[in-house]
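An overview of the molecular structure
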Amino acid sequence: MKKIEAIIRKTKFEEVKEALLEADIEWFSYYDVRGVGKTRQERIYRGIVYDTSYIERTLLTIVVRDVNVDKTVNAILKTAQTGEIGDGRIFISTIDDSIRIRTGEQGDIALYNAEQEK
């Protein structure tokens, strides 16, 4: 099992969500986050200087079986990429175990509904 964390532009969230659903990734968490990037900018609005180095993004957290890693990452890349600075990052890490609280199922079977696979 792998945990995929993707930091994307807030404006791309709906497109990424639809792409994940099309790739049969039906469960994930997301959070509105702020971060600081390498690029520093100041903008002037009505004579007041604003620091725009704090970037609003959305963080997706997705745990998938190993067989679904590539299609999950490709769905995010395909829809979140604009080619501009600030598109975000994807991090992939290993998950040792998972347990479905409702049924007590353990391992990657806890990540999806086996009944639906029949």
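Structure first, text after, so check above.
Every value quoted in this text rests on a predicted model; they were computed, and no experiment measured them.

Rules of the game
- Residues numbered from 1 in each chain as written.
- Predicted model: local features only at pLDDT ≥ 70, side-chain atom pairs only at ≥ 80, totals over all residues.
- Heavy atoms only, no water.
- Helix = DSSP H or I, 4+ residues; strand = E, 2+ residues; numbered from the N terminus.
- Buried < 20%, exposed > 50% of the residue type's maximum accessible area, 1.4 Å probe, protein only.
- Contact = heavy atoms within 4.5 Å.
- Areas by Shrake-Rupley, 256 points an atom, 1.4 Å probe, with all protein chains shown as cover.
- Expected span 1.5 Å × (residues − 1).
- Arc of directions from axis to C-beta.

Scanning the protein from terminus to terminus reveals three helices and six strands. For the protein, the α and β elements follow one another from N to C terminus as β-α-β-β-β-β-α-β-α. Residues classed as buried in the protein amount to 29% of the 118 residues present. In the protein, once contacts between residues fewer than 6 apart in sequence are set aside, the share between residues at least 24 apart is 70%. Roughly 8600 Å² of accessible area belongs to the protein as shown, and the carbon and sulfur atoms make up 49% of that amount.

A word on unusual backbone geometry. Phi is positive for Asp24, close to 65°, though the residue is something other than glycine. The class for Asp24 is exposed, based on a relative accessible area of 54%.

We now examine helix H2 (residues 69-80). End to end, H2 covers 16 Å across twelve residues, agreeing with the expected 16 Å (1.5 Å per residue, within 8%). Restricting attention to buried positions, one finds in H2 the residues Val69, Thr72, Val73, Ala75, Ile76, Thr79 and Ala80. Looking down the long axis of H2, one finds its buried residues gathered within 155° of arc, a one-sided arrangement. Exposed and facing more than 90 degrees away from the buried side of H2 are Asp70 and Lys78. On its buried face, H2 sits against strand E1 (2-9), helix H1 (13-22), strand E5 (54-64) and strand E6 (88-94).

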